[in-house]
Amino acid sequence: MVETIIGIDLGTTNSEVAVIENGKASIIPDQGCRILPSFVGVGDDGTVLVGEPARNQYKLYPDRTVKSIKRRMGEDVKVMLGGMPFTPQEISAIILKKLKEIAERHLDRTLRKAVITVPAYFSDAQRQATKEAGEIAGVDVIKIINEPTAAALAYESGQPGSRRILVYDLGGGTFDVSVVEMEEGVIEVRAGHGNNRLGGDDFDQKIVEHVLQCLREEHGIDGDLPARAMARIDRAAEAAKRVLSDHPFAKIEEEYLLERDGVPFHLAIEISRDEYEGMIAPFIEETLEAVHTALSGAGLVASQIEEILLVGGATRTPLVARRLQEEFGLVPRQEIDPDLCVAAGAAIQAGMIAGQEVSAVLVDITPYTFGTSAFDELDGLPSPHCYVPVIKKNTPIPVTKSEVFYTMFDDQETVIIQVFQGEERDARKNIKIGEFKVSGLSKAPAGNPIIARFELDRNGILQVTAVEKKTGLAGKITIDNAVSKFGTEEMAAARERVGALFGAGRAEPPPGHAHGTGAAVRHEFTKARALAEKAERMLEGASDEDREELVNLIEEINDAIARNDAAALSDPVEQLSEIIFYLES
Ligand code: AMP
């Protein structure tokens, strides 16, 4: 029997341990949790706390808790923990010991050897300190490998050929980007850059600032809040951030957050993804600057990168993948859990050293994109057939994602949600797999938000729900076998059939259609309506000839608006603008 070697990702914020089981890398859970927060503390009774319990007490007892010790590795310093001095190696050793114990309990045997990952930029002294931490923990560190190398191994092990890969790693408190070259299984880091003071925790902080601003401006709550209240706001902000990765709105609700003049104050704030993305956009732009620095360090330009791998929990923020896709024209890969990818790569390396059969990391993913159609710009023209992907291809399942849409008209009573499978921008070229209606919407001006929620389970059952945000009124459809409905060839054939159907003529847009966030399309309708109203006011003073022309164009515009047909607006709007200009001058 080969000796088991464990793979360890000893992270700044979180750590994980993985091992090869039945030829595949698997992360070892501790009481159901696969992530161990890299926190070490001393409890009330003097016991050593590692992981979640230490993290929980950090805000309340910072003097009894140590976090982010990885940042001090290689330094000749001591940190105080519960009144006692410790070296960074000793604190790291406590985390390593815990990870070793988790693995031993799971495998029911004593383990001695490990592969540990470190950032590519770690100096010799930092690598040496990591080895020493292992020794203190009773772990023989047989190899130290770079984190981007481990990530590339997790994605690429066993793949033939050569590839240029960008590994974008955004964790809780650090950002690293590396350009990695893989040739016949050999992986080398060509260049890297980063910022070891930037990460998901900064995103939390932005939400915390937003909450404090609301407390100040809307409730007159100012000054230092009690530590317990601040700790609750911090946790709620992080939870809201996670929600915003999958949904367009997040609520921050904390009952009895504090007391004011003996009266309990309950916190209730809603934050939208748009607002949140505005807050964190400067951070993401900063990471992109680092990406370009790394690229030039490797002597490459963006178009030479063949694959982008997303690593680190904070890369679940949709803005990250979106901005990278805009910069590189590539869809970044994130099908392996970004929190666990480095540990999985360390386990693969460990398995290779131990002489085990190792296959690529297998995850359950959806091979198709699912979405709905909405009003937006398609090939530069407003169209009701614009495809809005909600669950994207290669997303691990089960998954739940939602997007917000808005009604088009004042007092719109009905929305029709069409569900498609496919990748085409024009929804009509995808496969329609379902449709349902939500009727009885409340009387509201255009722009009434409707949330479409897509839920795909492991068995390929897709549930789509549409909810009027204001009232909770909902409609729903369940599509069995959504994932296995079409194979690639069937998909191509179906697309052709559907394409042929639509080639003959334009399909009418569905009545009462909802539209996307496409402000441009909304704007076109509003502009056209305003123009028609203006023309109506000019009818009285116009000559017979002009009046007839005005009436015809007003009718044409109103018809197009009633049919929801934005494409039919441009001609009459242009002609009407010209006449109005001529009448006014
Ligand atoms: P890591 O250091 O790689 O474990 O990443 C931890 C960071 O990822 C923390 O800031 C987490 O709050 C963040 N994170 C975890 N899950 C999500 C999510 N679903 N959306 C956004 N950030 C997340």
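Reading the values: the criteria
- Residues numbered from 1 in each chain as written.
- Predicted model: local features only at pLDDT ≥ 70, side-chain atom pairs only at ≥ 80, totals over all residues.
- Heavy atoms only, no water.
- Helix = DSSP H or I, 4+ residues; strand = E, 2+ residues; numbered from the N terminus.
- Buried < 20%, exposed > 50% of the residue type's maximum accessible area, 1.4 Å probe, protein only.
- Contact = heavy atoms within 4.5 Å.
- Areas by Shrake-Rupley, 256 points an atom, 1.4 Å probe, with all protein chains shown as cover.
- Lys, Arg positive; Asp, Glu negative; His and termini not counted.
- Charge placed at Lys NZ, Arg CZ, Asp CG, Glu CD.
- pLDDT = per-residue confidence, 0-100.
- Near = heavy atom within 4 Å.
- Polar contact = N/O pair within 3.5 Å; in protein donor to acceptor, adjacent residues only side chain to side chain.
- Nonpolar A, V, L, I, M, F, W, Y, C, P; charged D, E, K, R; others polar.
- Pairing = 2+ DSSP bridges.
- Core = buried A, V, L, I, M, F, W, Y, C linked by side-chain atoms within 4.5 Å.

### Considerations on the overall build of the chain
In terms of helices and strands, the chain carries 13 helices and 25 strands. Based on the C-alpha atoms only, the size of the chain along its principal axes is roughly 95 × 70 × 45 Å. Burial statistics for the chain: of 585 residues in total, 51% are counted as buried. Intrachain contacts of the chain at a sequence separation of at least 6 include 65% that bridge at least 24 residues. For the chain, the accessible area works out to roughly 27,500 Å², and carbon and sulfur atoms hold 48% of it. Of the side chains in the chain, 63 bear a positive and 95 a negative charge, and the two mean positions are spaced by 5 Å.

### Let's talk about the confidence of the model for the chain
Across the chain, the average pLDDT comes to 89, with 92% of residues at or above 70. Below pLDDT 50 for its whole length, residues 501-513 participates in 27 contacts with residues either more than four positions away or in separate chains. This stretch, residues 515-519, has a pLDDT under 50; its non-local contacts, to residues over four places away or in other chains, come to 16 contacts.

### A short note on the site of the ligand
The environment of the ligand is formed by 16 residues, the closest being Asn14, Glu238, Lys241, Ser245 and Arg316. Ser245 has a polar side-chain atom sitting 2.6 Å from a nitrogen atom of the ligand. At 3.2 Å from an oxygen atom of the ligand is found a side-chain nitrogen or oxygen belonging to Asp339. Protein burial of the ligand: of its 500 Å² of free accessible surface, 91% is covered by the chains. Breaking the shell around the ligand down by element, the ones donating at least two residues are helix 5 (200-219) and helix 6 (227-246). Sort the elements by how many residues they give to the shell around the ligand and helix 6 lands first, with four residues. Broken down by class, the residue content of the shell around the ligand amounts to one nonpolar, nine polar and six charged.

### Some thoughts on unusual backbone geometry
For the peptide bond that leads from Ile397 to Pro398, omega is 5°, which places it in the cis range. In the Ramachandran plot, Gln31 falls in the positive-phi region, its phi being about 50° despite a non-glycine side chain. Mapped onto the fold, Gln31 is located in the loop between strand 3 (24-27) and strand 4 (36-37). We classify Gln31 as exposed; its relative accessible area is 78%. Despite not being glycine, Ser68 shows a phi value in the positive range, around 50°.

### Overview of the pairing of strand 24 (residues 462-468)
Taking burial as the measure, the seven residues of strand 24 include five buried ones, the bulk of the element. Relative to strand 24, strand 23 (residues 449-456) is paired through seven bridges, and the arrangement is antiparallel. Looking at strand 24, one finds that Ile451 is bridged to Val467. With six bridges joining them, strand 24 and strand 25 (residues 474-479) adopt antiparallel strand pairing. Paired with Val464 across the two strands is Ile477, which belongs to strand 25. As consecutive antiparallel partners, strand 24 and strand 25 are separated by five residues, and within that stretch Gly472 has a phi angle of approximately 85°, a positive value.

### Some thoughts on the nonpolar core
Judged by nonpolar contacts, the single largest core of 50 residues is most densely connected at Leu166, Ile252 and Phe328. Considering each element in turn, this core owes the most residues, 10 residues, to helix 7 (residues 273-297). Setting aside its immediate chain neighbours within four residues, Leu166 contacts Val177, Ser178, Val179, Val291, Leu295, Ile305, Glu307, Ile308, Leu309 and Phe328.

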